[in-house]
Amino acid sequence: MQTLSRPTARTLVLLSFLVSWPAFAEVEEARDPGFPRWLAISARGGYLMPGGRMDGAAEPLYLYEIYKGLFAAIVEPTIRIASRVEVGPWAQFSHAQMRIRCSAERTCKGSNLRFGLQGNYHWNPSGPIDLWSGVALGYDTSSVSVPAAEVTYSGPDVTLQAGFDRNFGGNFWAGLFVVGTGGQYDKLDVRLLNGSGSETLRERAFHLWIGFGFRVRVAAPHPAVTN
């Protein structure tokens, strides 16, 4: 039986280590997934313009008579349920530009809050520019405060949306989007100084919000992405 000398054995060990290093590095990289590939957290900022009626009464109240527009911020965590499909909740908080005036010197105060669930399809999840489109189901609450009363219309709506996100390195993405929302208010709440009340609207009408804006996003690239 032949015995290897110490220098020869040391050389063989070193060569074996060098040959196996690429595979070892791949295993180490696979053990460090970074940001979860199934989760994304996004934030949007945009502007929404109103249209349509708030109710279907004989003398209807139009949405654009109340609001000039909304400066909106949307928070949306999503999870990936397939290589191209993401779903998750969303919430929109808005600063309302009001048109209706409570006096000659000032406009009335108002607010708008929306929330719901959405699903988006990613057309190019493995590319540096990710085109996406989707649908969101939501609930819209629009309020206006006039002297001695606060009036709130609320009801369900549906949003069609589309946009693109560009990868700026690692898990960071940013892009633009457009949205179109249509719905009906089915409930009216009125709060007075001496009490409050609510009713279900019998005469309903269609209203809409059309908007655009930007989105920033933290999400791991699709596994097929190559540098």
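Bear in mind the structure is a predicted one, so any value in this text is a computation, not a measurement.

Gaps between atoms show up when a probe of the same size as a water molecule is rolled over them. In the structure shown here, the tally under the stated rule is two cavities of 30 Å³ or more. Lining the largest cavity are 19 residues, with R44, I74, Q92, R114 and V179 sitting closest to its centre. Elements that contribute at least two residues to the lining of the largest cavity include exactly β1 (39-52), β2 (67-80), β3 (85-98), β4 (109-122), β6 (149-167) and β7 (172-184). A per-element tally of the lining of the largest cavity places β1 first, with five residues. Residue classes in the lining of the largest cavity are distributed as nine nonpolar, seven polar and three charged. A volume near 70 Å³ is recorded for the second largest cavity.

Pairing of side chains with opposite charge becomes possible as their charged atoms draw close. Across all of its chains, the model carries six salt bridges by this definition. Between R215 and E76 there is a salt bridge, with its nearest N and O atoms 3.2 Å apart. With a gap of 139 residues between them, R215 in strand β10 (residues 206-219) and E76 in strand β2 connect regions that are remote in the sequence. In this structure, E86 and R217 form a salt bridge, with 2.9 Å as the shortest nitrogen-oxygen distance. Of the two residues, E86 sits in strand β3 while R217 sits in strand β10, which places them 131 residues apart along the sequence. Looking at E86, the relative accessible area reads 3%, which means it is buried.

Take the side chain of T159 next. Here T159 is to be found in strand β6. Residue class for T159 comes out buried when judged on its relative accessible area of 4%. A distance of 3.0 Å separates the side chain of T159 from the side chain of R114, its partner in a polar contact. Only 2.6 Å separates the side chain of T159 from the side chain of T181, close enough to count as a polar contact. Once residues within four sequence positions are removed from consideration, T159 is found in contact with R114, G134, V135, A136, V179, G180 and T181.

With that settled, the discussion passes to the nonpolar core. As a rule of thumb, nonpolar side chains are buried together in soluble globular proteins. The biggest cluster of nonpolar side chains holds 21 residues, and the ones touching the most others in it are Y67, Y153, Y185 and W209. Those elements giving two or more residues to this core turn out to be α2 (63-66), β2, β3, β5 (129-146), β6 and β7. The element that contributes the greatest number of residues to this core is β2, accounting for three residues.

Another aspect to go through is the pairing of β7. Where β6 lies against β7, eleven bridges are found, and the strand directions are antiparallel. When the bridges of β7 are listed, V158 appears paired with G182. Between β6 and β7, which follow one another and run antiparallel, lie four residues, and G169 among them has a positive phi close to 115°. Judged from the 13 bridges that link them, β7 and β10 form a sheet pairing that is antiparallel.

Criteria and cut-off values
Residues numbered from 1 in each chain as written. Predicted model: local features only at pLDDT ≥ 70, side-chain atom pairs only at ≥ 80, totals over all residues. Heavy atoms only, no water. 1 Å grid on protein atoms, 1.4 Å probe; cavity = no way out; pocket = protein on both sides within 12 Å on 5 of 7 lines; lining within 4 Å. Points joined across faces, edges and corners; volume = space filled by probe spheres on them. Helix = DSSP H or I, 4+ residues; strand = E, 2+ residues; numbered from the N terminus. Nonpolar A, V, L, I, M, F, W, Y, C, P; charged D, E, K, R; others polar. Salt bridge = Lys/Arg side-chain N within 4 Å of Asp/Glu carboxyl O. Buried < 20%, exposed > 50% of the residue type's maximum accessible area, 1.4 Å probe, protein only. Polar contact = N/O pair within 3.5 Å; in protein donor to acceptor, adjacent residues only side chain to side chain. Contact = heavy atoms within 4.5 Å. Core = buried A, V, L, I, M, F, W, Y, C linked by side-chain atoms within 4.5 Å. Pairing = 2+ DSSP bridges.

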